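Listed below, chain by chain, are the residues.
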Amino acid sequence: MTRAVCRAVIVGGNTFYSDDPLLTCRLPGLAPDHVQPYAVVVTRRLPKAHNFKLLQDRPERVVFWTAEEEARSLAAGTLTERGCKVWGLGRVEEGLDLSQGLARLRSELSCWNVLCEGGGRLAMSLASQDLVDELVLFLAPKVLGDEQAKALFSGRKAQSLAEARDFRLLDCARSGQDVMLTYRPRRNG
């Protein structure tokens with residue numbers, strides 16, 4: 001799935017704060033009336049400054065998922081006044097109850113197709129809450145060897161392989177010089 005066909009793009013707070021992403025579709029030949037996806041930011045702390053690209057360019061298409069108490073904060077009120085949506089979510093063992101956010105995206109904004117683009121902690125939370133339908137990984141023929149590199153999935157301490165999230169390979173294809181691997185979760189039952 002790409003940003004051209006999804007109705008929302010979800011990123012974690014670290015991605016939002018460190019990358020300042022646009023989260024828009026910028027494909028050549030895109031129709032001028034193409035509606036950009038909602039930008040959903042999952043974060044423990046809401047931004048106090050409003051110099052982020054998303055908040056300047058299209059605040060009415062930004063949704064923040066945060067803890068219920070943070071959703072009642074002064075920062076939440078300021079973001080709402082700018083046109084953003086701030087949704088307080090309940091908590092589960094893995095953090096915020098992301099299923100609540102996904103349910104609201106469907107019911108309030110008609111977002112049936114969403115794309116998660118970032119953050120190892122967010123990816124692990126989605127997988128741990130059994131909210132992943134498909135996982136697409138791109139492998140590039142480049143090796144950095146950076147010990148400080150970000151993990152694809154993080155925030156959990158598995159004690160054994162029996163506790164690992166289990167996926168099955170669905171497809172393997174080339175994308176230019178890269179390899180695109182598509183997986184689906186193995187679900188018990």
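Criteria and cut-off values
- Residues numbered from 1 in each chain as written.
- Predicted model: local features only at pLDDT ≥ 70, side-chain atom pairs only at ≥ 80, totals over all residues.
- Heavy atoms only, no water.
- Helix = DSSP H or I, 4+ residues; strand = E, 2+ residues; numbered from the N terminus.
- Rg over C-alpha atoms; globule rule 2.2 N^0.38 Å.
- Buried < 20%, exposed > 50% of the residue type's maximum accessible area, 1.4 Å probe, protein only.
- Areas by Shrake-Rupley, 256 points an atom, 1.4 Å probe, with all protein chains shown as cover.
- Lys, Arg positive; Asp, Glu negative; His and termini not counted.
- Charge placed at Lys NZ, Arg CZ, Asp CG, Glu CD.
- Pairing = 2+ DSSP bridges.
- Axes fitted to C-alpha atoms, helices over the stretch in contact; angles between N-to-C directions.
- Contact = heavy atoms within 4.5 Å.

Peer 1: Describe in detail the overall build of the protein chain, supporting the description with residues and values.
Peer 2: A tally of helices and strands in the protein chain yields 5 helices and 10 strands. Its C-alpha atoms give the protein chain a radius of gyration of 17 Å, within 12% of the compact-globule value 16 Å for 189 residues. Buried residues in the protein chain amount to 38% of all 189 residues. Of the roughly 11800 Å² of accessible surface on the protein chain, 50% is carried by carbon and sulfur atoms. When the 26 basic and 23 acidic side-chain charges of the protein chain are each reduced to a single mean position, those positions are 1 Å apart.

Peer 1: Can you tell me about helix α5 (residues 120-128), naming the residues and giving the values?
Peer 2: Among the 9 residues that make up α5, 8 are buried, leaving the element largely enclosed by the rest of the structure. Within the span of α5, buried status applies to G120, L122, A123, M124, S125, L126, A127 and S128. Directly after α5, the chain includes D130, whose backbone phi takes a positive value near 60 degrees.

Peer 1: Which residues make up the sheet that holds strand β8 (residues 135-139), and what values go with them?
Peer 2: Pairing within the open sheet is antiparallel, and its 3 strands lie in the order β8-β10-β9. Bordering the open sheet on either side are β8 and β9 (167-175), each of which pairs with just one other strand. The sheet shows a mean angle of 20 degrees between the axes of neighbouring strands, direction not considered. Summarising the sheet, β9 and strand β10 (residues 178-185) pair through 8 bridges and their orientation is antiparallel. Its bridge partner lying in β10, S175 is registered against D178.

Peer 1: Provide a residue-level description of the sheet that holds strand β3 (residues 62-67), including the pertinent values.
Peer 2: Strand order in this open sheet of 5 strands is β4-β3-β2-β1-β7, and the pairing throughout is parallel. Each having just a single partner strand, β4 (85-89) and β7 (114-118) make up the two edges of the open sheet. The average undirected angle you get between the axes of adjacent strands in this sheet is 25 degrees. Across 5 bridges, strand β1 (residues 8-12) lies against strand β2 (residues 38-42) in parallel orientation. Bridge pairing in β2 places V9 opposite A39. Contacts from α5 reach β1, β2 and β7 within the one sheet, and its direction differs from that of β7 by about 140 degrees.

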